[in-house]
Amino acid sequence: MDNLLLCGPARRRARRALIVSVAGAAVLGGTLAPAARERAAPPAPGPAVRALGAVTAAVPAALPDLAVLIGEREARVRADPGDARSWAVLGAAYTEQGRRTANPAYFPRADRALRTSLEIAPRRNADAAEGLAALAVARRDFPSAKWWGEVARRLEPRRWTAHALLIEAYTGLGDHKAAGRSLDRLTELRSGPAVMARAAAVDRDRGRREDAAAAIADAAALAEAPAERAAYLERAGQLAFERGDRQTALRYFEQALRTDPDQRAAQAGQGRALAALGRTTQALAVYQAALARQPCPAFALELGELYESLGLRRAARVQYDLLRARVREAAASGADEELVLGLFEADHGDPEAAVRRLRDEWRRQPGTAVADALGWALHRAGQDEEALEFARTATEDERGGGVRSALYSYHRGMIERELERYGSARRHLQEALRINPYFSPLHVPAARRALRALGEAPVD
């Protein structure tokens, strides 16, 4: 009706204004729609952000991302030396870099960064306390891990990552009840793949192999970051190998490597599975590749024993020399590799020295693995009565040794054989071969020989 009241020129001007306004709306719509889409789907986080999310969530971080995060935080603390939060993040990143590369030289740097954070902010600094707990776990210093983990938990009772670290600390100290309580609290506070992985570790230590396998498989399926998923796949491979399932273990290890080529523990596991499958040449090559990038003392011991089982003693000695050198480097950086060194000395070096080392380790952190190693060292040193007490601690539920380990059962069986407790010796040697008929290239043939001498055929 109003348009009818306009004269001709006015109507034309109104029409032009309407056209302009419609065109403007179209242009604005074209620019606003992509903006709305960008808000709905933000750009993927950069490497430093990804690594920060991993190290603050107690999950593995990718090595390239860690390098970027370290560079960024080093620049920040140079520009602002009073930034307590950046010092704590830098310390956590150094710890993860040292753990993932088996390079203990990163640990003193981590310690300095974390303690600098504490000096700047000495009160209610849960970030630094948790960082020191993670550093202690990486160094296998479980008393310190317990101390700092409990500090972080008191400062922030709902800080779920502190409970995750305390599970490892309590397990290393042989306090499986406390580890179970920490897991219960952790599951109240958090869910997701990182929690499933911790639950799998506790289930494994309690002898619940099927529950552990299911939990870690779920964790691997749900993990989004490749480094985290690869770590859980590697753990799934370990669990499969522990129950003697070589093919499944190999598949998990290979999948972990495809997911994260820097997952060297999976590469060493691949070598372990290939050796058990009789593919020795491939196993040797894979082990060598893993050690070239991550010269871990435990990997060197495995490869040395594989060489020794093949009669290649000179090549085995090269690996044993590497093991000793890496243990010395670890000790210089505050890391504890006494367990692997004690096992090596018991079987390939000086059993008396192994007993001394492992007694000290037992006094400091009496975990199940230390009980087994000390019992075996005592046996190798000719002290079988005392050795049996530690072997029982490692293998009997009521003493804390709930894990089903072929190696632990083998050690106990051989100790009992020496003590002429033949029925029990036969039972534990057969149990070792039932749990995993491929647990060691050196000890499996010894177990079979012992069973034949005891008058019964070994169990496949």
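Residues numbered from 1 in each chain as written. Predicted model: local features only at pLDDT ≥ 70, side-chain atom pairs only at ≥ 80, totals over all residues. Heavy atoms only, no water.

Some details on the pattern of salt bridges
What counts is decided by this rule: One speaks of a salt bridge when a side-chain nitrogen belonging to Lys or Arg is within 4 Å of a carboxyl oxygen belonging to Asp or Glu. We count a stretch as a helix when DSSP gives it H or I for four or more residues in a row; a strand needs E for two or more, and each element gets its number in order from the N terminus.
Summed over all chains, the structure comprises 31 salt bridges. Two residues, D141 and R364, come together in a salt bridge whose shortest N-O distance is 3.1 Å. Taken as a pair, D141 in the loop between α6 (126–138) and α7 (142–155) and R364 in helix α19 (residues 351–364) lie far apart in primary sequence, 223 residues in all. Among the charged side chains, a network of salt bridges with common partners joins R85, D127, E130, E156 and R159.

Considering unusual backbone geometry
Here is the rule we go by: Categorising residues by exposure relies on relative accessible area from a 1.4 Å probe, with only protein chains included: less than 20% of the type maximum marks a residue as buried, more than 50% marks it as exposed, and the intermediate range marks it as partly exposed.
The phi dihedral of R140 is positive, around 60°, even though this residue is not glycine. In this fold, R140 is placed in the loop between α6 and α7. Classification of R140 as partly exposed rests on a relative accessible area of 24%. Despite not being glycine, E420 shows a phi value in the positive range, around 65°. Since its relative accessible area comes to 57%, E420 is described here as exposed.

Topic: the nonpolar core
Quick reminder of the rule: Each nonpolar core is a collection of buried residues, namely Ala, Val, Leu, Ile, Met, Phe, Trp, Tyr and Cys, held together in the definition by side-chain atoms within 4.5 Å. In what follows, residue pairs with any heavy atoms lying within 4.5 Å of each other are defined as contacts.
With 103 residues, the main nonpolar core has I216, Y232 and L323 as its most contacted residues. Residue contacts for Y232: discarding those within four places in its chain leaves V59, P193, A194, A197, I216, A219, A220 and A223. Core analysis: the next-biggest nonpolar cluster, separate from the first, contains 36 residues, A354, L388, A391 and I435 among them.

So, the environment of A265
Considering the arrangement of structural elements, one finds A265 in helix α14 (residues 264–276). Residues A265 and E234 lie 31 residues apart in sequence; the distance between their C-alpha atoms is 7.0 Å. If sequence neighbours within four positions are ignored, A265 has contacts with E234, Q294 and F299.

Let's talk about the packing of α14 against helix α15 (residues 280–293)
Operational definition: The angle between two axes is taken between their N-to-C directions and runs from 0 to 180 degrees, where each axis is a line fitted to C-alpha atoms and a helix contributes only its stretch in contact. Oblique is the label for any angle not covered by the other classes, which are roughly parallel (under 35 degrees), roughly antiparallel (over 145) and roughly perpendicular (65 to 115). A crossing counts as left-handed when the near helix is turned anticlockwise from the far one by less than a right angle, and as right-handed when that turn is clockwise. Side-chain classes are defined by residue name, with Ala, Val, Leu, Ile, Met, Phe, Trp, Tyr, Cys and Pro counting as nonpolar, Asp, Glu, Lys and Arg as charged, and the others, Gly among them, as polar.
Interaxial distance between α14 and α15 falls to 8 Å at its minimum, and their mutual angle equals 160°. The angle between α14 and α15 falls in the class roughly antiparallel. In this structure, the crossing between α14 and α15 has a hand that is left-handed. Counted together, R264, Q267, A268, Q270, G271, R272, L274 and A275 of α14 and Q282, A283, V286, Y287, A289, A290 and R293 of α15 form the full contact between these two elements. Residue composition of the contact of α14 with α15, by class: eight nonpolar, four polar and three charged.

Let's talk about the packing of helix α22 (residues 406–418) against helix α24 (residues 443–454)
Packing of α22 against α24 brings their axes to within 11 Å, and their N-to-C directions diverge by 40°. Viewed along their axes, α22 and α24 adopt a mutual orientation that is oblique. For the crossing formed where α22 meets α24, the hand is left-handed. Residues L407, Y410, M414 and R417 of α22 lie in contact with α24, whose contacting residues are H443, A446, A447, A450, A453 and L454. Looking at the contact of α22 with α24 residue by residue, the classes come out as eight nonpolar, one polar and one charged.

Details of the side chain of D203
Mapped onto the elements, D203 comes out in helix α10 (residues 193–205). Residues contacting D203, with those up to four places away along its chain left out, are R208, D211 and A212.

What about the side chain of D262?
Mapped onto the elements of the fold, D262 is located in the loop between α13 (246–259) and α14. Classification of D262 as buried rests on a relative accessible area of 18%. If we skip the residues at most four places from it in the chain, D262 touches L63, P64, R100 and R293.

Looking at the confidence of the model for the protein chain
Put simply, the rule is: As a per-residue measure, pLDDT reflects the predictor's confidence and takes values from 0 up to 100.
On average, residues of the protein chain score 91 in pLDDT, and 89% of them reach the 70 mark or higher. Here residues 1–38 is a poorly scored stretch, pLDDT under 50, and it has three contacts once near neighbours within four places are set aside; other chains count.

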